[in-house]
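# Coordinate analysis (summary)
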Amino acid sequence: KRRIEAFSRFRSIQRAVEKVAEKISPLSWTKTDKRHVVLFESGLWKAAKGYVSAPVKKIVKAVALRTVVAMVPAAYSTMTCPGCRRQNIKGTEHRTRMCTTKAVCPLHLGTDSCSIDRDVNGRTETGIRGVYIIQKKQHYKDVKPVNFRA
């Protein structure tokens, strides 16, 4: 009985993993469809308080069997400006960051500063790093911003 319970638990986890992988990268693609590159942050993945953690390694492996997967370092992704690659300061609101570098940042050429949502900034920075990693133009061992202050 114990083996049957363990197998059914494994089977239900595997079914859930395949469902998530199918949403991220469907298997049913034709020759006219473009293949996708999926970027995962290689940071610490913990479940939020009150939620069950997902089998992340299994999900990454299932997606990697379907399409190209790149692991991108997550360090300093929310505090690095995607325009000038310098460290942002905390913004005026709860989840914002501000870039205050003048005459260098292309995001705010005519103004003194630019306010960016922390999550949007992290996603943008992850995408930029993923492109660099895929093109092998830059290896992200040290991903700290240019003017990093601890």
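Residues numbered from 1 in each chain as written. Predicted model: local features only at pLDDT ≥ 70, side-chain atom pairs only at ≥ 80, totals over all residues. Heavy atoms only, no water.

## What about the overall build of the chain?
Our working rule: Runs of H or I in DSSP of at least four residues are treated as helices and runs of E of at least two as strands, each being numbered from the N terminus. Think of it in three bands: with a 1.4 Å probe and only protein chains considered, a residue is buried below 20% of the maximum accessible area for its type, exposed above 50%, and partly exposed in between. Whether two residues are in contact is decided by their heavy atoms, any of which lying within 4.5 Å being enough. Per-residue and other accessible areas were derived by the Shrake-Rupley procedure at a 1.4 Å probe size, with only the shown protein chains allowed to occlude residues.
Regarding its fold elements, the chain presents three helices and five strands. Sequence-ordered secondary structure for the chain, helices as α and strands as β, is α-β-α-β-β-β-β-α. Out of the 150 residues belonging to the chain, those deemed buried represent 27%. Here the analysis covers contacts within the chain between residues at least 6 apart in sequence; of these, 60% occur between residues at least 24 apart. For the chain, the exposed area adds up to about 11,200 Å²; of that, 57% sits on carbon and sulfur atoms.

## Let's talk about the pattern of salt bridges
Using the following cut-off: Definition used for salt bridges: Asp or Glu carboxyl oxygen within 4 Å of a side-chain nitrogen of Lys or Arg.
All told, the structure shown has five salt bridges when counted by the stated rule. Between Arg66 and Glu22 there is a salt bridge, with the nearest N and O atoms lying 2.7 Å from each other. Placement of the pair is Arg66 in the loop between helix H2 (56–64) and strand S2 (68–72) and Glu22 in helix H1 (residues 2–24), with a sequence separation of 44 residues. Looking at Arg66, the relative accessible area reads 9%, which means it is buried. Its salt-bridge partner being Arg85, residue Glu125 comes within 2.2 Å of it at the nearest N-O pair. Taken as a pair, Glu125 in helix H3 (residues 118–135) and Arg85 in the loop between S2 and strand S3 (89–90) lie far apart in primary sequence, 40 residues in all. Since its relative accessible area comes to 0%, Glu125 is described here as buried. The partly exposed category is assigned to Arg85, whose relative accessible area is 23%. Within the structure, one salt-bridge network assembled from shared partners comprises Glu18, Glu22 and Arg66.

## Side note on unusual backbone geometry
At Tyr76, a position not held by glycine, the phi torsion is positive, near 60°. Position of Tyr76 relative to the elements: it lies in the loop between S2 and S3.

## Looking at the side chain of His108
Short version of the rule: For this analysis, a polar contact is any N or O atom pair within 3.5 Å, provided that within protein one partner can donate a hydrogen and the other can accept it, and provided that sequence-adjacent residues contribute only side-chain to side-chain pairs.
Tracing the sequence through the fold places His108 in the loop between strand S4 (96–99) and strand S5 (114–117). In terms of polar contacts, His108 uses its side chain to reach the backbone carbonyl oxygen of Cys99, at 3.4 Å. A polar atom in the side chain of His108 sits 3.3 Å from the backbone oxygen of Thr111. Excluding residues within four positions of it along the chain, His108 makes contact with Cys99, Thr100, Thr101, Ser113 and Cys114.

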